[in-house]
Amino acid sequence: MTIPPPQPPGESPSAQEGTELAAEAAVVAATARERWYLRLPIISHLRRSVGLQRGMLVAGLVLVLGLLLTALFAPLLAPYGFAETSADGASFGTQQPPSGAHPLGTTVAGYDVLSRVIWGTRTAVAVMACAVVLSLFIGVALGLISGYVGGWLDRILVMLADAIYAFPSLLLAIVMSIVISGGQSSAGGGILAAAISITVVFVPQYFRVIRAEVVRLKAEPFVEAAKVIGTGHRRIMGTHLLRNSTRTLPLIFTLNSSEAILTLAALGFLGFGIEPTSASEWGYDLNRAMADATSGIWWTGLFPGLAIVAAVLGVTLVGESINDLNDPRLRVRRKRRGGPAGTTSTEAMA
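Residues numbered from 1 in each chain as written. Predicted model: local features only at pLDDT ≥ 70, side-chain atom pairs only at ≥ 80, totals over all residues. Heavy atoms only, no water.

### Side note on the overall build of the chain
A count of helices and strands for the chain gives 13 helices and 2 strands. The buried share of the chain, reckoned over its 350 residues, is 37%. Considering only intrachain contacts with a sequence separation of at least 6, the fraction spanning at least 24 residues in the chain is 71%. About 18900 Å² of surface is accessible on the chain, with carbon and sulfur atoms providing 66% of the total. (Helix = DSSP H or I, 4+ residues; strand = E, 2+ residues; numbered from the N terminus. Buried < 20%, exposed > 50% of the residue type's maximum accessible area, 1.4 Å probe, protein only. Contact = heavy atoms within 4.5 Å. Areas by Shrake-Rupley, 256 points an atom, 1.4 Å probe, with all protein chains shown as cover.)

Structural data, given as structure tokens:
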């Protein structure tokens, strides 16, 4: 007769714990068998979301998709060009209220408000994509090198990042915009100048996050083991450290996208953006609408402002929802189907 070993005090498994462990193992196994496209970031988050989290994520995705589609099909959606003030030999007129010919009215310069709002999505998306992608690559590369190499290089990069981060972001963007564009911008030059000026503001954020993760990870046993077996430094940084230090970037990416839209609008509002005859920009239109508001002309400033709010709200909702779903402390768990009352499923933890 074989006597089983005694269980340590306080560690006797209960039936409920065994059921939860079995359910968790089943979820992990099912996730491993899922097709690759179901594990993509946005799709996987959408499938794991429930309740209010799903509502926020869906609302954000709808707004972001609308922004991207409007930017892509702007020539087809806009009734006029962004700088047109007449059509068929007839002038649009200035500060005309919404009508059949101009659903959102006209501005003080005679531009069609609807066309300016639609074409402005292209400028916003272009600047947002250029700024965030540039800052992402530069910040991640510098943070990876600084955290792994250390020494005097790390101290210099940290000092520069702290100095840039401590400088007022909007003032820094204004200075960089003036230096790059000289105060006068074409469409391409203005978008590039705005993107680079915003990039300088965003690089320290990515740098600090990646550097902190790399400093923590390079002391882990798997990195030490890779060094022992002779793995090169480039492979360690590119394979072991990069993959494990970029998990928090989706939230920063989305929040910086919304901040890029606001910074572009602020530059245009203060007169350091893109010339109105070169491209449509919501911040410039808001600046020109300030004098109209005191005269009761509300349509010239309302719709560009709503466009900014919708774009920023959509990107922010997506970023916050992804952050909630990635954090087990904030994630809403789905009730287990057919399980006993009061139990919850670990499906969201997979």
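### Some words on the environment of Gly110
Within the element layout of this structure, Gly110 appears in the loop between strand S2 (90–91) and helix H5 (113–149). For Gly110, a relative accessible area of 4% corresponds to the buried category. Leave out the neighbours within four places in its chain, and Gly110 touches Glu84, Thr85, Phe92, Gly93 and Thr94.

### What about the side chain of Ser135?
Topologically, Ser135 is positioned in helix H5. Here Ala131 takes part through its backbone oxygen, which lies 2.8 Å from a polar atom of the side chain of Ser135. Among the polar contacts made by the side chain of Ser135, one reaches the main-chain carbonyl oxygen of Val132 at a distance of 3.0 Å. Aside from chain neighbours lying at most four places away, what touches Ser135 is Val140, Thr199, Phe202, Val203 and Tyr206. (Polar contact = N/O pair within 3.5 Å; in protein donor to acceptor, adjacent residues only side chain to side chain.)

### Quick word on unusual backbone geometry
The backbone phi angle of Gln95 is positive, close to 55°, even though this residue is not glycine. Within the secondary structure, Gln95 sits in the loop between S2 and H5.

### Some remarks on the environment of Arg116
Tracing the sequence through the fold places Arg116 in helix H5. Take Arg116: its relative accessible area is 2%, and that puts it in the buried class. Measuring from C-alpha to C-alpha, the distance between Arg116 and Ser280 comes to 5.6 Å, with 164 residues separating the pair along the chain. Filtering out sequence-adjacent residues up to four positions away, Arg116 remains in contact with Phe82, Tyr111, Pro276, Ala279, Ser280, Glu281, Trp282, Tyr284 and Asp285.

### Regarding the pattern of salt bridges
Throughout the structure, instances matching the rule amount to 3 salt bridges. Between Asp154 and Arg211 there is a salt bridge whose closest N-O contact spans 2.6 Å. Separated by 57 residues along the polypeptide, Asp154 in helix H6 (residues 151–166) and Arg211 in helix H8 (residues 187–217) bring together distant segments of the chain. For Asp154, a relative accessible area of 11% translates into the label buried. Taking relative accessible area as the criterion, Arg211 reaches 24% and is therefore assigned partly exposed. (Salt bridge = Lys/Arg side-chain N within 4 Å of Asp/Glu carboxyl O.)

### Side note on the environment of Leu72
Counting through the fold element by element, Leu72 comes out in helix H3 (residues 52–72). It is 9.5 Å that separates the C-alpha atoms of Leu72 and Val125, two residues lying 53 residues apart in sequence.

### Considerations on empty space enclosed by the protein
Across all of its chains, the model carries 3 cavities of 30 Å³ or more by this definition. Reported here for the largest cavity is a volume of approximately 80 Å³. Thr107, Val108, Ala109, Tyr111, Tyr284, Asp285, Arg288, Ala289, Asp292 and Thr300 together form the lining of the largest cavity. Looking at the lining of the largest cavity element by element, the count peaks at 5 residues for helix H12 (residues 282–293). Broken down by class, the residue content of the lining of the largest cavity amounts to 5 nonpolar, 2 polar and 3 charged. (1 Å grid on protein atoms, 1.4 Å probe; cavity = no way out; pocket = protein on both sides within 12 Å on 5 of 7 lines; lining within 4 Å. Points joined across faces, edges and corners; volume = space filled by probe spheres on them. Nonpolar A, V, L, I, M, F, W, Y, C, P; charged D, E, K, R; others polar.)

### Considering the layout of surface pockets
Quantified by volume, the second largest pocket comes out at close to 170 Å³. Leu63, Gly66, Leu67, Thr70, Val117, Thr121, Trp282, Leu306, Ala307, Ala310 and Ala311 are the residues that line the second largest pocket. Listed by contribution, the elements that provide at least two residues to the lining of the second largest pocket are H3, H5 and helix H13 (299–326). Looking at the lining of the second largest pocket residue by residue, the classes come out as 8 nonpolar, 3 polar and no charged.

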